[in-house]
Amino acid sequence: MYNMVMWNTQPRQQMDENQLAFLASQGNEQLNQAALQEMLSAQQAMQEVGNAQNIEVPKVNFYPNSHADPRKARRKDIRQAYKLLQPAKRSIFNPMRTLFGKKYRYNKDTGTCVVDGCNCANLIQHDNLYMRICDDETSRSLWDMYWSNPVTGQPEAFIAQDKVTNGKKMRGTYCPEHLHLFHLLVKWEAEEDKQNEMNPNRLRDKVRRGVSIVTVPVSSVKKKDMTPAMLQKYEPFFAELEKDAGKTKGISVLHYANPQTGQNDVTMVVFDLRIFQFEMQQMNMPTQEFQALLNQEALKVQNIPVEQKVEGAVMSAGM
Ligand SMILES: [Zn+2]
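The shown structure was predicted, so the numbers you read here are calculated from the model rather than taken from an experiment.

The number of helices and strands found in the protein chain is 14 helices and four strands. Buried positions account for 17% of the 319 residues belonging to the protein chain. Considering only residue pairs separated by 6 or more positions, the protein chain has 55% of its internal contacts joining residues 24 or more positions apart.

In structure tokens:
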């Protein structure tokens, strides 16, 4: 079931875009061309750094499964990723393991890959590949996603676990290439969980345990109005208020959003009588210039004889 055009069987330089597209079109749907490309560049960058620095650099030989059923292909990819990400153990005949209980081969410090013992600290100093290898969808780098303390935001080494995605925390980490595979594995598993959750068998199982499930379409969730039924009759009142609030400063509708939920917790309507009265006065008391203009017009009307007034009106209408 393994795909034989995989880069490990060929010099990787010969892996062109067409081959990559072909590989991406089969098997695990999430191992798409972008993800494969990222995998490939991670491997290439690791080799380059290794050559430039004479650091012993691993090569992760992951073979994408090409099963016709994308789900089965993904399941096999997941299984393979687990195998490849398993921390290296010492032989059970090794006295270090039997006498000193040191089961894992590379578990000295957070700068060493638990699978291949690659010196990641050295690697970062030369070229921080964790920053250059990104998620194919979000474009977030491995560095951003895994190499900072979630609470303080300070840079902090990623710590591997002895059962890859769970189990005891080890002391070592993953090199960029292994971490990328780890990242893909986490994504694949999340996707698998999502699909399993929709499985009718699991649904039946839940119902049997007394859990009922009501599926709500996403669109209706978005539109859901949080206004209690009793308050709905005030809607027209608020519409009027909003309209008038634009005309006068005497009406303000204030919303106090909850800083945590962003929801509107308190709505206040303020009628300010002083401002109302002031505005009314202003309306009845035009500015001096305007008053002068009005007076002038009034004078004109008084002085003009009736016939002329009509003519003038016709003339101006004709113009
Ligand atoms: Zn590694």
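Another aspect to go through is the packing of helix 3 (residues 70-85) against helix 8 (residues 176-197). For the pair helix 3 and helix 8, interaxial distance at closest approach is 10 Å and the crossing angle is 145 degrees. When you trace helix 3 past helix 8, the crossing you get is left-handed. Residue-level contacts link R74, D77, I78, A81, L84 and L85 of helix 3 to H178, L181, F182, L184, L185, W188, E189 and E192 of helix 8. When grouped by side-chain class, the residues that make up the contact of helix 3 with helix 8 number nine nonpolar, one polar and four charged.

Moving on: unusual backbone geometry. If you check the backbone angles, S139 has positive phi at about 65 degrees while not being a glycine. By the secondary structure assignment, S139 is in the loop between helix 6 (129-132) and helix 7 (142-146). Taking the number of C-beta atoms within 10 Å as the measure of exposure, S139 has 9 and is therefore exposed. Located in the positive-phi region is V164, a residue other than glycine, with phi close to 70 degrees. Following the sequence through the fold, V164 ends up in the loop between strand 1 (161-163) and strand 2 (166-169). Taking the number of C-beta atoms within 10 Å as the measure of exposure, V164 has 19 and is therefore partly exposed.

Ranked by internal contacts, the top residues of the largest apolar core, which has 35 residues, are C113, L129, Y174, C175, L181 and L185. Discounting chain neighbours no more than four positions away, the residues touching C175 are P58, C113, D116, C118, C120 and L123.

We now examine helix 9 (residues 200-208). Counting buried positions over the nine residues of helix 9 gives zero, only a small fraction of the element. At the C-terminal side of helix 9, G210 shows a positive phi close to 85 degrees.

Let's shift gears to the pairing of strand 4 (residues 264-271). When you tally the buried positions in strand 4, you get zero out of eight residues, a small fraction of the element. Note: strand 3 (residues 251-257) against strand 4, seven bridges, orientation antiparallel. Within the sheet, the bridge partner assigned to V253 lies in strand 4 and is V269. A loop of six residues connects strand 3 with strand 4, the two strands running antiparallel in sequence, and G262 in this loop sits at a positive phi of about 75 degrees.

As a note on interpretation, predicted positions should not be read in detail where pLDDT is low. Looking at the protein chain, the pLDDT average stands at 80 and 81% of residues meet or exceed 70. Within the protein chain, the lowest mean pLDDT, 45, falls on helix 14 (residues 306-318), and the highest, 95, falls on helix 3. In this model, residues 1-13 is a region of pLDDT below 50 whose contacts with residues beyond four sequence positions or in other chains number 21 contacts. Here residues 309-319 is modelled with pLDDT under 50, and outside its nearest four sequence neighbours on either side it reaches one contact, counting other chains as well.

What follows is about the packing of helix 2 (residues 33-53) against helix 8. At their nearest, the axes of helix 2 and helix 8 sit 9 Å apart, and the two run at 165 degrees to each other. The angle between helix 2 and helix 8 falls in the class roughly antiparallel. Helix 8 is crossed by helix 2, and the crossing has left-handed handedness. Facing helix 2, whose interface residues are A35, E38, M39, A42, Q43 and M46, helix 8 presents P176, E177, H180 and L184.

Here is what the cut-offs are and how they apply
Residues numbered from 1 in each chain as written. Predicted model: local features only at pLDDT ≥ 70, side-chain atom pairs only at ≥ 80, totals over all residues. Helix = DSSP H or I, 4+ residues; strand = E, 2+ residues; numbered from the N terminus. Buried ≥ 20, exposed ≤ 12 C-beta atoms within 10 Å, placed from the backbone. Contact = placed C-beta atoms within 7 Å. Axes fitted to C-alpha atoms, helices over the stretch in contact; angles between N-to-C directions. Left-handed = near helix turned anticlockwise from the far one by under 90°. Nonpolar A, V, L, I, M, F, W, Y, C, P; charged D, E, K, R; others polar. Core = buried A, V, L, I, M, F, W, Y, C linked by C-beta atoms within 7 Å. Pairing = 2+ DSSP bridges. pLDDT = per-residue confidence, 0-100. Parallel < 35°, antiparallel > 145°, perpendicular 65-115°, else oblique.

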